[in-house]
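Report on the structure
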Amino acid sequence: MTIKYIFFRQIKSIVHFFRNRINVFKANMHEGIIVSYSAIIGNKTILEGYNKINEHVIFYGKIGLGSYIGNNSVINSAVIGRFTSIAPYVQVNCGRHPFKSPYVSTSPCFVSLLKQCGFCLTDVQRFDEVTEPVQIGNDCWIGQRVFISGGVVIGDGAVVLAHAAVVKDVPPYAIVGGVPAKIIGYRYDADTIQLLENVEWWKNDIHWLKQHINIMTNIDELKKYYNKHILCKELAKNKETES
């Protein structure tokens, strides 16, 4: 390793450090956004508002209104919905290795030009090693030390219990746990889940949610509220049709 190489690598690290400090500073200028100065966020990372990115988090992607990421989580590529809670030490990894036929070795040095090992033995890219970003829906709860594989879609309202390894898509409002993660149950009955998926309460703004805090803390009251509004809309539509 030459002195020139070490010098340029140190310069690159310094530039990356100050660029991230600028990203964090810009993010903290927006209303309701708190980003720890020990966190790392990407240049194209989008924070919708009322977000908190805690200490030593690495995050690249988009995070919706009212969602937060717990300390020491590493989320390399993800689109996160609104009002989703991500606990500490959650890992999202969108990389993969070849481990089945026709490939002989799991090492990227034989198939990749990215030099993860510090070198490569191929002159062309031979394997698609980066998957699609993880998608985490609205109103999800991702427990501590959960691992999520690249390309996985976690539906709205889902709960992933601590220490789970999620390698397949998770249905809306499912509760999953284990290694690999499996469905343990659902948060609500099928009719309630259908209603929640239809009304998408998380699309309301902060002021509406604050005004309706009583129904946001009682599922039965929320169902009554939306069922009444759905009925009113149907009656109004019928009147328009008759006239």
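Refer to the structure presented above.
Described in the following lines is the structure provided in the data block. The structure displayed is predicted, hence computed values, not measured ones.

Cut-offs and rules
- Residues numbered from 1 in each chain as written.
- Predicted model: local features only at pLDDT ≥ 70, side-chain atom pairs only at ≥ 80, totals over all residues.
- Heavy atoms only, no water.
- Helix = DSSP H or I, 4+ residues; strand = E, 2+ residues; numbered from the N terminus.
- Polar contact = N/O pair within 3.5 Å; in protein donor to acceptor, adjacent residues only side chain to side chain.
- Contact = heavy atoms within 4.5 Å.
- Buried < 20%, exposed > 50% of the residue type's maximum accessible area, 1.4 Å probe, protein only.
- Arc of directions from axis to C-beta.
- Core = buried A, V, L, I, M, F, W, Y, C linked by side-chain atoms within 4.5 Å.
- Salt bridge = Lys/Arg side-chain N within 4 Å of Asp/Glu carboxyl O.

Secondary-structure assignment places Thr192 in helix H2 (residues 190–199). Only 3.0 Å separates the side chain of Thr192 from the side chain of Lys223, close enough to count as a polar contact. Each residue touching Thr192, except ones within four places of it in the same chain, is listed here: Ile219 and Lys223.

All buried positions along H2 are accounted for by Thr192, Ile193, Leu195, Leu196 and Val199. Across the axial projection of H2, the buried residues extend over an arc of 160°, all falling on one side. Exposed side chains of H2 directed beyond 90 degrees from the buried face belong to Ala190, Asp191 and Asn198. With a side-chain oxygen lying 3.1 Å from the backbone nitrogen of Asp191, the N-terminal cap of H2 falls on Asp189. Immediately beyond the C-terminal end of H2, within one or two residues, lies Glu200, with a positive phi of roughly 50°.

The subject of this paragraph is the nonpolar core. Membership of the largest hydrophobic core comes to 32 residues, with the highest contact counts inside it found for Ile69, Ile136, Ile142, Ile148 and Ile154. For this core, the secondary structure elements donating two or more residues are strand E5 (58–63), strand E7 (74–80), strand E10 (134–136) and strand E16 (174–177). The element best represented in this core is E7, accounting for three residues. Every residue in contact with Ile154, bar those within four places of it in the chain, is listed here: Gln135, Ile136, Gly137, Cys140, Ile142, Ile148, Val160 and Val170. In this structure, Leu65, Phe83, Ile193 and Val199 belong to the second largest nonpolar core, which totals 14 residues.

With that settled, consider the pattern of salt bridges. One pass over the structure, following the stated rule, counts five salt bridges. The partner of Glu200 in a salt bridge is Lys203, with the nearest N and O atoms 2.8 Å apart. For Glu221, the salt bridge goes to Lys224, with nearest N and O atoms at 3.5 Å. Taken as a pair, Glu221 and Lys224 lie in helix H4 (residues 219–242) at a separation of three residues, close to a single helical turn.

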